[in-house]
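Here are the chains, one letter per residue:
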Amino acid sequence: MMHPHEFSPTGAAAALAGRMQSLVPVLGTDRLLLRAPKIDDFDLFAEIAGSGRAAGIGGPMSRETAWSEFMQITGTWYLRGTGCWTVCYGGRAIGFVQIGFEPGDMEPELGFLFDAAFEGRGFAFEAARAVMTHAHETLGMTTLVSYVARDNARSIALALRLGGARDAAAEDLLPDPDRHDTNVYRYDLTGATA
């Protein structure tokens with residue numbers, strides 16, 4: 001059930017939201033469009049965050065908690081100049097990729113969350129590579145990390161496919177209890193290991 005705060009704004013507020021969204025860089029690949037999240041994307045985010053597939057980001061979450069998370073990952077654009085992109089395929093939102101920096105993170109994180117129906121087709125890899133290129137070429141970043149639950153085989157495989165190398169020293173810096181159940185994968189964005 002949608003709550004009143006989940007409805008799209010109208011009038012001048014909608015126009016202002018649209019102008020702010022237009023500031024988020026649009027990234028493209030052969031198959032995908034990565035654009036600013038819109039309020040209409042929240043249903044997909046809440047669906048994913050409310051499932052067992054969201055264990056790596058503190059899920060499954062209630063719809064209210066998912067709203068707070070969604071607001072956080074979209075609001076960082078305004079505060080940090082990085083944030084979440086909605087990944088679209090054929091005009092449909094299928095997932096999210098972000099450069100995040102949340103409480104407990106030691107450095108900027110490459111995060112990814114996709115609709116299960118679109119897994120196994122290389123979409124997450126393609127979207128993440130586009131974000132990594134943007135991070136290096138536009139933002140001047142030389143490294144990103146992914147914090148991955150040790151039992152999340154799919155995300156571990158993706159991190160490795162993206163060129164991530166496990167960083168045990170970074171894992172030692174994580175706060176408890178994350179230190180015991182999280183792998184840190186580091187990506188060299190300079191091309192040295194890509």
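Residues numbered from 1 in each chain as written. Predicted model: local features only at pLDDT ≥ 70, side-chain atom pairs only at ≥ 80, totals over all residues. Heavy atoms only, no water.

Draft legend 1. The arrangement of the side chain of D41 in detail. Residue placement: D41 occurs in the loop between β2 (32–35) and α2 (42–49). Reaching out from D41, the side chain makes a polar contact with the backbone nitrogen of K38 at a distance of 2.8 Å. Here T86 takes part through its side chain, which lies 2.8 Å from a polar atom of the side chain of D41. Setting aside its immediate chain neighbours within four residues, D41 contacts R35, A36, F70, T86, A93 and F96. (Helix = DSSP H or I, 4+ residues; strand = E, 2+ residues; numbered from the N terminus. Polar contact = N/O pair within 3.5 Å; in protein donor to acceptor, adjacent residues only side chain to side chain. Contact = heavy atoms within 4.5 Å.)

Draft legend 2. Focus on the pattern of salt bridges. If you walk through the whole model with that rule in mind, you get nine salt bridges. Its salt-bridge partner being E171, residue R150 comes within 3.2 Å of it at the nearest N-O pair. You can see R150 sitting in the loop between β6 (143–149) and α5 (153–161) and its partner E171 sitting in helix α6 (residues 168–172), a full 21 residues away along the chain. When its relative accessible area of 5% is taken as the criterion, E171 is described as buried. The shortest N-O distance in the salt bridge between R166 and E171 comes to 2.7 Å. Accessibility expressed as a relative area gives 48% for R166, which makes it partly exposed. Salt bridges sharing partners connect three or more residues here, namely E107, D167 and R186. (Salt bridge = Lys/Arg side-chain N within 4 Å of Asp/Glu carboxyl O. Buried < 20%, exposed > 50% of the residue type's maximum accessible area, 1.4 Å probe, protein only.)

Draft legend 3. View of the nonpolar core. Ranked by internal contacts, the top residues of the largest apolar core, which has 32 residues, are L110, F114 and Y187. Looking at this core, the elements that each hand over two or more residues are β2, β3 (84–89), β4 (92–100), β5 (109–114), α4 (123–137), β6, α5 and β8 (182–188). Top contributing element to this core by residue count: α4, with seven residues. The residues touching L110, leaving out its near neighbours within four places in the chain, are V97, Q98, A128, V131, M132, L144, V145, S146, L162 and Y187. (Core = buried A, V, L, I, M, F, W, Y, C linked by side-chain atoms within 4.5 Å.)

Draft legend 4. Focus on the packing of aromatic side chains. Under the definition given, this model contains 10 aromatic pairs. On the basis of an interplanar angle of 45° and a centroid distance of 5.4 Å, the ring pair of F45 and F70 is categorised as tilted. On the criterion of sequence distance, the pair formed by F45 in helix α2 and F70 in helix α3 (residues 63–80) is long-range, its members being 25 residues apart. Geometrically, the ring pair formed by W77 and W85 is edge-to-face, given 4.9 Å between the ring centres and 85° between the ring planes. Both residues of the pair, W77 and W85, belong to the buried class. Among the aromatic residues, ring-to-ring pairing joins F42, F45, W67, F70 and F96 into one connected group. (Phe/Tyr/Trp six-rings, centres within 6.5 Å; stacked < 30°, edge-to-face > 60°.)

Draft legend 5. Inspection of the state of the cysteines at higher detail. Under the defined criterion, the tally for this structure stands at zero disulfides. Distance from the sulfur of C84, which forms no disulfide, to the nearest cysteine sulfur (C88) is 11 Å. A relative accessible area of 1% means that C84 is categorised as buried. Residue classification places C88 among the buried residues on the basis of a relative accessible area of 7%. (Disulfide = S-S within 2.5 Å.)

Draft legend 6. View of the packing of α2 against α3. It is at 9 Å that the axes of α2 and α3 come closest, and there the two elements cross at 120°. Classified by the angle between their axes, α2 and α3 sit oblique to one another. Like other packed secondary-structure pairs, α2 and α3 cross with a definite hand, here right-handed. Note on element contacts: α3 touches α2 through R63, A66, W67, E69, F70 and I73, opposite F42, D43, F45, A46 and A49. Looking at the contact of α2 with α3 residue by residue, the classes come out as eight nonpolar, no polar and three charged. (Axes fitted to C-alpha atoms, helices over the stretch in contact; angles between N-to-C directions. Parallel < 35°, antiparallel > 145°, perpendicular 65-115°, else oblique. Left-handed = near helix turned anticlockwise from the far one by under 90°. Nonpolar A, V, L, I, M, F, W, Y, C, P; charged D, E, K, R; others polar.)

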